[in-house]
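# Coordinate inspection notes
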Amino acid sequence: MNLGPPMALLAELTHRCPLACPYCSNPVDLVRRSAELPTDAWASVLREAAGIGVLHVHFSGGEPASRRDLETLVATAAKAGLYTNLITSGIGLTEVRVKILAEHRLDHLQLSVQAPEPDLANLISGYRNALPQKRAVAGWTNRAGIALTVNAVMHRANLDLLPQTIDMAIELGAQRLEVAHVQYHGWALRNRGALLPTRAQADAARAIVDEARARLTGILRIDYVPPDHFAQFPKPCMGGWGQVGMTITPEGRVLPCHAAETIPHLSFETVGSRPLGEIWTDSAAFNAYRGTDWMSETCRACSHREVDFGGCRCQALAHAGDAAATDPACERSPMNKEFRAKAAADPQAEFVYRRFTA
């Protein structure tokens, strides 16, 4: 395949987070603060990434505001010519910090919201009184001239409030809203029964998004990530495994996908072991599921093979027991019937919260 440079870098600065979301996308085994890359190592990574053609960096976590050097790293990335994006819960930010981030040329801030109602937001996040802080962060972001996206992870508990979530995004002054259904691997798999929406909820959500997109053209862009359990074909893994971007974990492992460490037979190289450009092009992990040669006959014979690239490898492992299997979300997968049968909400299930202990 014709491989260009990575377009984006997801810089997972830390796994520390004040929230306890039951759909947390971080690994089951979290990296402790003592193992995190120091400031100078991250600065070197950012400059090297820009040098191999990366266009933008997404600072994420955990909660990246937990890092006291966040402002320094944003300034380093901007100086290297990278478009800078902060993915945050808003907890740990202050008006002063947002102003400094703007002065250091933060281009964009993605603010997560759990629900438009305070009590439900508290329940989902496992954190009290987060919603007023998020509203404050949105105001500071707008006044500082930083572009704002609202990230709304959707599931059974909050999906019926999707119209209010859209209204809140407008109220917060966002230019973009991401409505993304939970992906069921890692920690979210433990909570699947409590998080899965009903088919009626999922169908209603699609209609609500379609209507809002038409009504809010030029006011709010809405990106929609549908639930896999009700899909006909799977979504491409991060735009195709090892084709669009790379992730660097808090301790410096270089991954083709933020959840790739769930695949036990893959070995991942670390920053500094050799140049990032070589890891991108030559490492066994990045080439494991890149392109189409690795695919099963089901996928290789499919006209969608270079559209969805076989779907999500982590989901294939979680549900089919084989990372090279056709994503069970695909109707052509032999596991699809079983996968869809599991798309049943459990009204008795309660959240198992994600707690970080440093």
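Summary of the structure given here.

## Regarding the nonpolar core
- Within the largest apolar cluster, 58 residues are counted, with the highest numbers of intra-cluster contacts made by Leu9, Phe59, Leu109, Leu177 and Ile248.
- Those residues in contact with Leu9 that sit more than four places away from it in its chain are Val45, Leu46, Ala49, Val54, His56, Val57, His58, Met246 and Ile248.
- With 18 residues, the next largest nonpolar core counts Trp241, Ile263, Leu266 and Cys314 among its residues.

## Topic: the pairing of strand E1 (residues 8-12)
- Burial of E1 is extensive: five of the five residues sit out of reach of the surface.
- What you see with E1 is no split at all: Ala8, Leu10 and Glu12 on one side and Leu9 and Ala11 on the other are buried throughout.
- Looking at chain direction, E1 and strand E2 (residues 56-60) are connected through five bridges and run parallel. The partner of Ala11 across the bridge, within E2, is Phe59.
- As paired strands, E1 and strand E8 (residues 245-248) are joined by four bridges and run parallel to one another. Counted as the bridge partner of Leu9 is Met246 from E8.

## Considerations on helix H5 (residues 130-143)
- Between its first and last C-alpha atoms H5 spans 20 Å; for 14 residues at 1.5 Å apiece the expected length is 20 Å, and the two agree.
- All of the buried residues along H5 are Ala130, Leu131, Gln133, Lys134, Val137, Ala138, Gly139, Trp140 and Thr141.
- Gly145 sits one or two residues past H5 and shows a positive phi near 80°.

## So, the packing of aromatic side chains
- For the coordinates displayed, the defined rule picks out four aromatic pairs.
- Aromatic side chains Tyr289 and Trp294 sit 5.2 Å apart centroid to centroid with 85° between the ring planes, which places their arrangement in the edge-to-face category. Accessibility assignment for this pair places Tyr289 and Trp294 in one class, buried.
- One aromatic cluster is present, formed by Trp241, Tyr289 and Trp294 through successive ring pairs.
- For the cation-ring pair, Arg290 lies above Trp280, with the distance from its terminal atom to the ring centre recorded as 4.9 Å.

## Some remarks on the sheet that holds strand E9 (residues 254-255)
- On the basis of which strands lie adjacent, the open sheet formed by nine strands has the order E7-E6-E5-E4-E3-E2-E1-E8-E9 and mixed pairing. The open sheet has two edge strands with one neighbour each: strand E7 (221-225) and E9.
- Together, E2 and strand E3 (83-88) form the strand contacts of helix H2 (residues 70-79), whose direction differs from that of E2 by roughly 170°.
- Across the sheet, helix H9 (residues 199-215) is in contact with strand E6 (176-181) and E7; its angle to E7 comes to roughly 160°.

## Comments concerning the pairing of strand E5 (residues 147-154)
- Counted residue by residue, E5 has six buried out of eight residues, so it is predominantly covered.
- In this sheet, E5 lies alongside strand E4 (residues 108-113) in parallel orientation, the contact comprising six bridges. Bridge pairing in E5 places His108 opposite Ala147.
- Sheet topology places E5 next to E6; six bridges connect them, and they run parallel. When the bridges of E6 are listed, Val150 appears paired with Leu177.

## Considerations on unusual backbone geometry
- In this model, Gly61 is joined to Gly62 through a cis peptide bond whose omega is 15°.
- For Gly62, the location among the structural elements is in the loop between E2 and H2.
- One non-glycine residue with positive phi stands out, namely Arg105, at about 75°.
- Counting through the fold element by element, Arg105 comes out in the loop between helix H3 (95-103) and E4.
- We note that Phe309 has phi near 50°; this positive angle belongs to a residue other than glycine.

Criteria and thresholds
Every chain begins its residue count from 1, and numbering advances along the sequence as written. Only residues with pLDDT of at least 70 are given local features in this predicted model, and only at 80 or more are side-chain atom pairs given and counted; all residues enter the totals for whole chains, interfaces and linings. Excluded from the side-chain calculations are hydrogens and water; all other atoms, namely the structure's heavy atoms, are used. For our purposes a nonpolar core is just a set of buried Ala, Val, Leu, Ile, Met, Phe, Trp, Tyr and Cys residues, chained together by side-chain atoms within 4.5 Å. Per-residue accessibility, obtained with a 1.4 Å probe over protein chains only, is compared with the maximum for each type, and a residue is labelled buried under 20%, exposed over 50%, and partly exposed between these values. The contact criterion used throughout is that any non-hydrogen atoms of two residues lie within 4.5 Å. Labels follow the DSSP assignment, with helices taken as runs of H or I lasting at least four residues and strands as runs of E lasting at least two, numbered in each case from the N terminus. We call two strands paired when DSSP finds no fewer than two bridges between them. Working rule for helices: expected span equals 1.5 Å times residues minus one. Side-chain rings of Phe, Tyr and Trp, where Trp is taken by its six-membered ring, are said to pair if the distance between their centres is within 6.5 Å; with planes under 30 degrees apart they count as stacked, over 60 as edge-to-face, and otherwise as tilted. A ring has a charge above it when a Lys NZ or an Arg CZ is no more than 6 Å from the ring centre and no more than 35 degrees off the ring normal. Throughout, an axis means a line fitted to C-alpha atoms (over the contacting stretch in the case of helices), and angles, computed between N-to-C directions, take values from 0 to 180 degrees.

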